[in-house]
Amino acid sequence: MPSLFNSVPTPPRRIASGVAHVPGFLSLEQQHDVVEKARDLSRGHMKRPELKSGTMSVYMHMLGYRTLANLNHYERSPLDMPQWALHVGRAGLAAAAEVAPELQPWVASFKPEMLLINYYPPTATMGLHQDAGEESEAPIVSLSVGDSALFRLGNCENRNRPWHDVQLQSGDLLVFGGENRRAFHGVPKLYPGTLPADCGLREGRINLTIRQVNL
Ligand SMILES: O=C(O)CCC(=O)C(=O)O
Ligand SMILES: [Fe+2]
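Taking an unreviewed UniProt entry as the reference, the protein is identified by name as Alpha-ketoglutarate-dependent dioxygenase AlkB belonging to Corynebacterium kalinowskii.

If you want it as structure tokens, here you go:
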């Protein structure tokens, strides 16, 4: 949805303690490149996880570490995490720490070990959950490409309000760590048709999370 307003850069912002939103972290060219890489890695692997509550609407593929039945229990994957994800993860955390200083202590020690590729078809959503499978308290680095999404971040105790609602657009970086590392979060909706023409996707959204699993 290119418009005059889309070309006005939104500055990086601290959403809450340990939570940073960096709009436009990836250039359009980098977005396209990330989509190509994600596509190559996940061809033939994308699966909608089956949960007790039903089949998820998001397709997932994991590298470095993976989960089987329980999304909160990791095991080493035979597929290695690609090196580029390590570099993007570290660069993302460093950029986020510029606006959320609570993340600064993690910058030097961050050891990304896992890449999760999520694909959201235009109607897909992800319910509020905690990222709890990692032993490490290192921040979660998350990148978005494709349709804009509503990202909701709550508290660490339950799914109740108040929530921080953030619109994540193609190319945006979001990092959460520190006292909000275990905050409930999810994606209640996408805004179909809002993706930039040259991002590499025709519809829907790719989200990459780069994670340290072990202490
Ligand atoms: O798609 C997103 O922005 C969030 C993904 C997420 O929370 C997860 O994969 O654990
Ligand atoms: Fe999550």
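Let's pick the thread back up.
### Description of the coordination of the iron ion (ligand 2)
Around the iron ion (ligand 2), the protein contributes the donor atoms His129 (NE2), Asp131 (OD) and His185 (NE2), which lie 2.0 to 2.2 Å from the metal centre. Binding-site remark: the iron ion (ligand 2) is held by donors from one chain whose sequence spacing is H-x1-D-x53-H.

### Overview of the pattern of salt bridges
Here the structure, examined in full by the defined rule, presents 13 salt bridges. Residue glutamate 102 is joined to arginine 14 by a salt bridge in which the shortest nitrogen-to-oxygen separation is 2.8 Å. With a gap of 88 residues between them, glutamate 102 in the loop between helix H2 (83-99) and helix H3 (104-107) and arginine 14 in strand S1 (residues 13-16) connect regions that are remote in the sequence. You can call arginine 14 partly exposed: its relative accessible area is 40%.

### Focus: the environment of serine 148
Summarising the element assignment, serine 148 is placed in strand S11 (residues 148-153). Through-space distance from the C-alpha of serine 148 to that of threonine 194 is 6.0 Å; in sequence the pair is 46 residues apart. With sequence-adjacent residues up to four places away left out, serine 148 is seen in contact with Gln167, Leu168, Gln169, Leu190, Tyr191 and Thr194.

### Here's the deal with the UniProt feature "binding site: Fe cation" (unreviewed entry) in the protein
The UniProt entry lists His129, Asp131 and His185 under the feature "binding site: Fe cation" (unreviewed entry), expressed in the numbering used here. Taking the farthest pair of C-alpha atoms as the criterion, the annotated set spanning 57 residues converges on one region, since that pair is 8.5 Å apart. Of the annotated set named above, His129, Asp131 and His185 line the largest pocket. Within the secondary structure, histidine 129 sits in strand S9 (residues 126-129). Residues in contact with histidine 129, not counting those within four places in the same chain, are Ala183, Phe184 and His185. A distance of 2.9 Å separates a polar side-chain atom of histidine 129 from the backbone oxygen of glycine 127. With sequence-adjacent residues up to four places away left out, aspartate 131 is seen in contact with Ile140, Phe176, Arg181, Arg182, His185 and Arg211. Side-chain polar atoms of aspartate 131 contact the side chain of histidine 129, separated by 3.0 Å.

### What to know about helix H1 (residues 28-42)
With 15 residues, H1 should cover 21 Å at 1.5 Å per step; its first-to-last C-alpha distance of 21 Å lies within 8% of that length. Of all the residues in H1, the buried ones are Gln31, Val34, Val35, Ala38 and Ser42. Along H1, the residues classed as buried sweep out an arc of 100° about the axis, all on the same side. Counted as exposed and oriented over 90 degrees from the buried face of H1: Glu29 and Asp40. Buried-residue contacts for H1 involve strand S5 (59-63), strand S8 (114-120), strand S10 (140-146) and strand S15 (205-211).

Parameters and conventions
Residues numbered from 1 in each chain as written. Chains lettered and ligands numbered in written order. Predicted model: local features only at pLDDT ≥ 70, side-chain atom pairs only at ≥ 80, totals over all residues. Heavy atoms only, no water. Donors = N, O, S within 2.8 Å, 3.2 Å for Na, K, Ca; no water. Salt bridge = Lys/Arg side-chain N within 4 Å of Asp/Glu carboxyl O. Helix = DSSP H or I, 4+ residues; strand = E, 2+ residues; numbered from the N terminus. Buried < 20%, exposed > 50% of the residue type's maximum accessible area, 1.4 Å probe, protein only. Contact = heavy atoms within 4.5 Å. UniProt positions renumbered as here; feature names shortened; annotations may be inferred. 1 Å grid on protein atoms, 1.4 Å probe; cavity = no way out; pocket = protein on both sides within 12 Å on 5 of 7 lines; lining within 4 Å. Polar contact = N/O pair within 3.5 Å; in protein donor to acceptor, adjacent residues only side chain to side chain. Expected span 1.5 Å × (residues − 1). Arc of directions from axis to C-beta.

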